[in-house]
Each structure stands twice: as C-alpha cells, then as structure tokens.
Amino acid sequence: MIENSKRNLRENSFFYLLWGWLVLLASVSHFIMLRMGIFYSFLAWPVIMSVGMVISTIAGIRLGRKSRYLTHLDSAMIYLWWGFFLALLIPLAYAIAGKIPWDITNALIISLYGLGTFVSGGILKFRPLIIGGICCWIICLGVFFIPEDYTLLLVSLSIIMLTLSQDIS
C-alpha cells in the first residue's frame, strides 16, 4: 500500500511542483514589488494563486479520469492537504482583517506546510519529506529575527528547501 501511495505521489508530483513554483513566484514578486514601493504588491498572491487553482482543477479532472486505484494512504493524503488548505484560510483571514501582522501569518503558513510535509513523509515513510518539514519549522523561527517585509523571503526559502529535500531522493 505504501509503495502504491509513493507511486501515486510521483504520478501526482505535478501538483506539488506547481504549487511550490507558484508560492515561490508569488512571494518573490510580492517582495520585489514591495521594495519598489508598489502599494498593491500583495495582489501578486490572489492573481498567481487563482491561476494555480484553474490549472490544478483542469489537471485534477484529467488525472481523475486516468486514476487506477486509490489506497487508504492516498485518502489520508487527500484529507491532510485539504485540511492544510482549510487551516491556511484561518491565519490569512485574520491577517487580511488586520488582527495579526503579516510576519506572524507567514510564520504560521510556513509551519502549516511544514506540518503537512512532515506528516506526508511519515505516512509514506519517505525521509526527504520529513526533513523538508523540519526545515520549514526551523526557517519559520527566522521571523523573530528579521523585518516583516523580509519574511516573504523566508517563505521563498522554505519552498526551496522543500524542493531540495525532495531532490535528495
């Protein structure tokens, strides 16, 4: 079952890569525009993430038609990442409402996808994902030591570390 789930993970790696690249692009774009003094720099996120949702939906429909099997571990992964997405909306809503600062929001987001990655690695018994999750938790501690605008670079760094940890395999 674990080997089937790992195979499914490889077959569906498109989604991990897509969202990793989109988050990297959004965080770097937001940071650059912020440093250039562009007031609406935050719009990089909804624009880029909307493109990702459209692409993911189309790709998900196409892959769903080709799906051969769905193991219990696959179901656990689906629930884990949908839970991640729903949990992600909570700190985002608080930050958008001005209830918490964006540097704390970025740390929460990094720690959330660190958790998702760590748990994915544990479920699949895949050490690179476990290492990637731990790297995210270490990186999110950097929020305490840098100015708020630069936390966007920590988001980028965490995505790069996740990518590198998976390339180890």
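Residues numbered from 1 in each chain as written. Predicted model: local features only at pLDDT ≥ 70, side-chain atom pairs only at ≥ 80, totals over all residues. Heavy atoms only, no water.

Asker: What should I look at first to understand the pattern of salt bridges in this one?
Answerer: Once the charged atoms of two side chains with opposite charge are near each other, the side chains can pair. Evaluated as defined, the whole model comprises one salt bridge. Measuring nitrogen to oxygen at the nearest pair gives 3.3 Å for the salt bridge that ties Asp 149 to Arg 35. Taken together, the residues span a long stretch of sequence, with Asp 149 in the loop between α6 (127–140) and α7 (151–167) and Arg 35 in helix α2 (residues 13–35) at a distance of 114 residues. By relative accessible area, Asp 149 is classed as partly exposed at 29%. (Salt bridge = Lys/Arg side-chain N within 4 Å of Asp/Glu carboxyl O. Helix = DSSP H or I, 4+ residues; strand = E, 2+ residues; numbered from the N terminus. Buried < 20%, exposed > 50% of the residue type's maximum accessible area, 1.4 Å probe, protein only.)

Asker: Even after reading the chapter, I still don't get the packing of helix α5 (residues 102–124) against α6, so can you show me in this structure?
Answerer: Helix-helix packing is characterised by the crossing angle of the two axes and by the distance between the axes. Two elements in contact, α5 and α6, have axes whose closest approach is 7 Å; the angle formed by their N-to-C orientations is 160°. Considering their axes alone, α5 and α6 lie roughly antiparallel with respect to each other. Between α5 and α6 lies a crossing of left-handed hand. Residues Ala 107, Ile 110, Ser 111, Tyr 113, Gly 114, Leu 115, Thr 117, Phe 118, Ser 120, Gly 121, Gly 122 and Leu 124 of α5 touch α6, and the partners they reach there are Leu 129, Ile 130, Gly 132, Gly 133, Ile 134, Cys 136, Trp 137 and Cys 140. Classifying every residue of the contact of α5 with α6 gives twelve nonpolar, eight polar and no charged. (Axes fitted to C-alpha atoms, helices over the stretch in contact; angles between N-to-C directions. Parallel < 35°, antiparallel > 145°, perpendicular 65-115°, else oblique. Left-handed = near helix turned anticlockwise from the far one by under 90°. Contact = heavy atoms within 4.5 Å. Nonpolar A, V, L, I, M, F, W, Y, C, P; charged D, E, K, R; others polar.)

Asker: For this particular structure, what's the right way to read the nonpolar core?
Answerer: The tendency in soluble globular proteins is for nonpolar side chains to be buried as a group. Ile 48, Met 49, Ile 110 and Tyr 113 are the most contacted members of the largest nonpolar core, which has 22 residues in total. Elements with a contribution of two residues or more to this core: α2, α3 (44–66), α4 (72–96), α5, α6 and α7. In contact with Ile 110, other than residues within four places in its own chain, are Cys 136, Cys 140, Leu 154, Val 155 and Ser 158. (Core = buried A, V, L, I, M, F, W, Y, C linked by side-chain atoms within 4.5 Å.)

Asker: Looking at this structure, how should I read the packing of aromatic side chains?
Answerer: Each aromatic ring pair is characterised by the separation of its centres together with the angle its planes make. Summed over the entire model, instances satisfying the criterion amount to six aromatic pairs. With a centroid separation of 5.8 Å and an interplanar angle of 90°, the aromatic rings of Trp 82 and Phe 85 are classed as edge-to-face. Placement of the pair is Trp 82 and Phe 85 together in helix α4, with a separation of three residues, close to one helical turn. Chaining the aromatic ring pairs together yields one cluster made of Phe 39, Tyr 40 and Phe 42. (Phe/Tyr/Trp six-rings, centres within 6.5 Å; stacked < 30°, edge-to-face > 60°.)

Asker: Can you walk me through the state of the cysteines in this structure?
Answerer: As used in these notes, a disulfide is a covalent bond between sulfur atoms, one from each of two cysteines. Considering all chains together, one arrives at zero disulfides under this definition. With no disulfide of its own, Cys 135 lies 7.2 Å from the sulfur of Cys 136, the closest cysteine sulfur. (Disulfide = S-S within 2.5 Å.)

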